[in-house]
Amino acid sequence: MSRVLFLIKEALISLRRNILIVAGAILAVFISLSLAFGALVVNEVLRINTIAWQQGVHVIAFLQDEGENGVASNAHAVLQSEVEGWDEVESVGYVSKSEAWIEYQEIFANQQELLDIDPNVLPASLRIELVDIAFHESVRFRLEQQQQVVRQVATAAESIEQLQNLSNVLNVLGLGMAVVLGLAAVVLIANTIRLAIYARRDEVSIMKLVGASNWFVRVPFLLEGFIEGVVGAALAVFAVWLGSTNLAKAGEGFALFRLDVGQQWFLRWGLLFLAFGAAAGVVGSLLGLSRYLRDADGTGPDVPTGF
Amino acid sequence: MIRLENVTKVYEGGTIAANDVSLDIQKGEFVFLVGPSGSGKSTLIRLMLRDEPVTRGKIWVAGKDVTTLPRWKIPFLRRSVGTVFQDYKLLPNKTVTENVAFALEVLGRPRSVIAPQVVQVLDLVGLAEMGERYPRQLSGGEQQRVSVARAFVNRPPIMLCDEPTGNLDPKTSVGIMKLLDRINRTGTTIVMATHDHAIVDAMKRRVVALDYGKVTRDEATGRYERAAAEEE
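Residues numbered from 1 in each chain as written. Chains lettered and ligands numbered in written order. Predicted model: local features only at pLDDT ≥ 70, side-chain atom pairs only at ≥ 80, totals over all residues.

S.K.: Before we move on, could you go through the overall build of chain A and cite the residues and values that matter?
M.R.: Helix and strand counts for chain A stand at 10 helices and four strands. Each helix (α) and strand (β) of chain A, taken in turn from the N terminus, gives the series α-α-β-α-β-α-α-β-α-β-α-α-α-α. The burial tally for chain A puts 32% of its 307 residues in the buried class. Look at the contacts in chain A between residues 6 or more apart in sequence, and 85% of them connect residues 24 or more apart. (Helix = DSSP H or I, 4+ residues; strand = E, 2+ residues; numbered from the N terminus. Buried ≥ 20, exposed ≤ 12 C-beta atoms within 10 Å, placed from the backbone. Contact = placed C-beta atoms within 7 Å.)

S.K.: Just give me the short version of the overall build of chain B, but keep the residues and values in it.
M.R.: From N to C terminus, chain B includes eight helices and 10 strands. Per-residue burial over chain B gives 46% buried out of 232 residues. The contacts of chain B with a sequence gap of at least 6 include a subset with a gap of at least 24, amounting to 66%.

S.K.: Give me the lowdown on the pairing of strand β9 (residues 206–211) of chain B, citing residues and values where you can.
M.R.: Residues and elements named next belong to chain B. Of the pairings in the sheet, the one linking strand β3 (residues 30–34) to β9 comprises four bridges and is parallel in character. Bridge pairing in β9 places F32 opposite V207. With five bridges connecting them, β9 and strand β10 (residues 214–219) associate as antiparallel partners. Within the sheet, the bridge partner assigned to D211 lies in β10 and is K214. The loop that links β9 with its antiparallel partner β10 comprises two residues; one of these, Y212, has a positive phi angle of about 50°. (Pairing = 2+ DSSP bridges.)

S.K.: Can you lay out the environment of D87(B) for me, pointing to particular residues and giving the numbers?
M.R.: Position of D87(B) among the secondary structure elements: in the loop between β6 (81–85) and α3 (96–105). On a C-alpha basis, the gap between D87(B) and N167(B) in space is 7.4 Å, while along the polypeptide they are 80 residues apart.

S.K.: Give me the interface of chain B and chain A: which residues, what numbers.
M.R.: Counting residues at the interface gives 30 residues for chain B, matched by 25 residues for chain A. Counting residues per element, the ones that place at least two in the side of chain B that touches chain A are α2 (74–79) and α3 of chain B. Partitioning the side of chain B that touches chain A into residue classes produces 12 nonpolar, seven polar and 11 charged. (Nonpolar A, V, L, I, M, F, W, Y, C, P; charged D, E, K, R; others polar.)

S.K.: Break down the sheet that holds strand β4 (residues 56–61) of chain B for me, citing the residues and quoting the values.
M.R.: Strand pairing in a sheet relies on backbone hydrogen bonds, with the paired strands running either antiparallel or parallel. Residue and element names in this part refer to chain B. Pairing within the open sheet is antiparallel, and its four strands lie in the order β2-β1-β4-β5. This sheet does not close on itself; its edge strands, each paired only once, are β2 (16–25) and β5 (64–65). Across the sheet, helix α1 (residues 41–48) is in contact with β1 (2–10), β2 and β4; its angle to β2 comes to roughly 65°. (Axes fitted to C-alpha atoms, helices over the stretch in contact; angles between N-to-C directions.)

S.K.: So what about the environment of T186(B)? Which residues, and what values?
M.R.: As for its placement among the helices and strands, T186(B) is situated in the loop between α6 (170–185) and β8 (189–194). Taking the number of C-beta atoms within 10 Å as the measure of exposure, T186(B) has 10 and is therefore exposed.

S.K.: Mind laying out helix α4 (residues 111–124) of chain B, listing which residues take part and the relevant values?
M.R.: Residues and elements named next belong to chain B. The end-to-end C-alpha separation of α4 is 20 Å, in line with the 20 Å expected for 14 residues at 1.5 Å each. Looking at α4, one finds that the buried residues are I114, V118, V121 and L122. Viewed end-on, α4 has its buried residues packed into an arc of 100°, placing them on one side of the element. Those residues of α4 that are exposed and angled more than 90 degrees off the buried face are S112, V113, P116, Q120 and D123. Where α4 is buried, its residues meet α3 and α5 (140–152). The first or second residue beyond α4 is G126, which carries a positive phi of 80°. (Expected span 1.5 Å × (residues − 1). Arc of directions from axis to C-beta.)

S.K.: Could you give an account of unusual backbone geometry, naming the residues involved and the relevant values?
M.R.: Residue and element names in this part refer to chain B. Of note in the backbone geometry, Y88 takes a positive phi value of approximately 65° without being a glycine. Take Y88: it is sitting in the loop between β6 and α3. Residue classification places Y88 among the buried residues on the basis of 21 C-beta atoms within 10 Å. The phi angle at R155 is positive, at roughly 50°, despite the residue not being glycine. Along the chain, R155 falls in the loop between α5 and β7 (158–162). Classification of R155 as partly exposed rests on a count of 13 C-beta atoms within 10 Å.

S.K.: Tell me about the confidence of the model for chain B, and name the residues and values.
M.R.: Taken residue by residue, chain B gives an average pLDDT of 91. The fraction at 70 or more is 97%. The model gives residues 228–232 of chain B a pLDDT under 50, and that stretch makes one contact with residues more than four places away or in other chains. (pLDDT = per-residue confidence, 0-100.)

S.K.: Lay out helix α3 (residues 75–84) of chain A with the relevant residues and their values.
M.R.: Residues and elements named next belong to chain A. Listed in full, the buried residues belonging to α3 are H76, L79 and V83. The buried residues of α3 occupy an angular sector of 65° when the element is viewed end-on, so they sit on one face. Looking at α3, the residues exposed on the side facing more than 90 degrees away from the buried face are A77, V78 and S81. Where α3 is buried, its residues meet β1 (59–63), β2 (89–95) and β3 (125–130).

S.K.: I'd like a description of the sheet that holds β2(A), backed by residues and values.
M.R.: Residues and elements named next belong to chain A. Taken in spatial order, the four strands make up an open sheet running β2-β3-β1-β4, and their pairing is antiparallel. Both edges of this open sheet fall to β2 and β4 (150–155), since each of them pairs with a single strand only. When strand polarity is set aside, the average angle formed by the axes of neighbouring strands in this sheet is 20°. Bridging between β1 and β4 involves five bridges; their strand directions are antiparallel. Bridge pairing links A61 to V153 in β4. Packing of α3 onto the sheet brings it into contact with β1, β2 and β3, and relative to β2 it is tilted by some 165°.

S.K.: Pulling in residues and values, what's your account of the nonpolar core?
M.R.: Membership of the largest hydrophobic core comes to 113 residues, with the highest contact counts inside it found for L33(B), M48(B), V100(B) and A149(B). When residues of this core are assigned to their parent elements, the largest contribution, 15 residues, is made by helix α2 (residues 19–54) of chain A. Among the nonpolar cores identified, the runner-up in size contains 16 residues, and L63(A), L143(A), V149(A) and V153(A) belong to it. (Core = buried A, V, L, I, M, F, W, Y, C linked by C-beta atoms within 7 Å.)

S.K.: Tell me what's going on with the packing of helix α8 (residues 201–209) of chain A against helix α10 (residues 263–293) of chain A, and back it up with residues and numbers.
M.R.: The description of two packed helices rests on the angle between their axes and on the distance between the axes. All names here are of chain A. Put simply, α8 and α10 touch, their axes get as near as 10 Å, and they point 55° apart. For the element pair α8 / α10, the angle class is oblique. Relative to α10, the crossing made by α8 is right-handed. Residue-level contacts link R201, V204 and S205 of α8 to L289, Y292 and L293 of α10. In the contact of α8 with α10, the residues fall into four nonpolar, one polar and one charged. (Parallel < 35°, antiparallel > 145°, perpendicular 65-115°, else oblique. Left-handed = near helix turned anticlockwise from the far one by under 90°.)

Okay, here's the thing in structure tokens:
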């Protein structure tokens, strides 16, 4: 027990006395993991938004008024039930003329001059959600066949599709970047810690000369690497969280694009990154030490031939 | 206590640092390994510590066959052998007390045992007041005293010293030698590589002379140079 305490104390003292090297290692972890974590957040934001864009109303069919120009008085209901039967269609909502007026008033609540119209000019409409956005062309075509009832078809599907394609590309890029930066982080962290140990290789050899076993030398270095990894990762997660939350706050009310990835997500991935940093620190220490802990083999010639 | 049997060491590149060396060192002896630079003094010490493997031959240190010792047992060998080097080999980030205590920490001794033992040995080497200093705050002679204290703190049966006075002025060297002599009188076997004529001649102990890795002379109470001794 006293040995364990000694080794922990060794690690803490060493952290304090090699403060510059330690700060360098923590900085390396912080920067590299910030980039990787940042890329991951961007990727998540894109994913969330792609999903959001895909949901909701895809096609709107504005309808002729019932009971006028030969339109039957139940034409809207008939059309709605027909459209609901189509395979491409997920759901259909009906907005009557009076509901359209209410909606109109809500949308333009701040622009009085636009409210000064005849409520009667606003048409009723069907709000259609598709099973897959790719069906928008065929649905538009089928709706346009119903010339009697359908006045006009509007769809945001094309722009949604474009956004979706763009978002897919960005998604792959973001994920790829997170992976590449993550790998770079491991290499950078491991290398920084390796260099820190290189700077102290004489210490390692002295410890061994005095009769310290490999594990006795190793444990404090591993603890140091672990602590550097965790502290750096914690700083990185915190910095990205802070940046992201503030950005989300600034972007609130910006309906088209959500910037908030949610605290749950942050907690899950933040913990993962802590583990990631810790592992990188420990692996870096192990790799850095392995060279200097090697012992001479037993009997045997250094030169294979000759003597 | 230490036995070398036909020990040969050839470095990569073909340099022969030890050539068929056989030596028998009894418990309590004080042995000087003398010879010019490159004669193989330091190599013999490194071989005894298994800092390097032998090419051929056998070495026993404190009852252990060093040449076939499995790697994981090397630390145990080194704990029974105190070492002192020309460059002191102190841990720069540890205080004097911590440096000396480290040799006991690796043995897993409890704090309650370590503290008084360190105080005692620092007193022995005359550094009782310097415990809280760092190596860089000490003179060369003082650092070497710390090194001796660390080597001796767990009372090893054997001490191996490689040019312990190599970096010190004659007066300071005498101080270190007095210290080693005192330690030797407690029954500790000491092997010391040196090319310091004055010290060897003054101590009148066993002298093993090496040249090109070969033992050229082994005298019970010798001087540094045979020829010089006979001419006088």
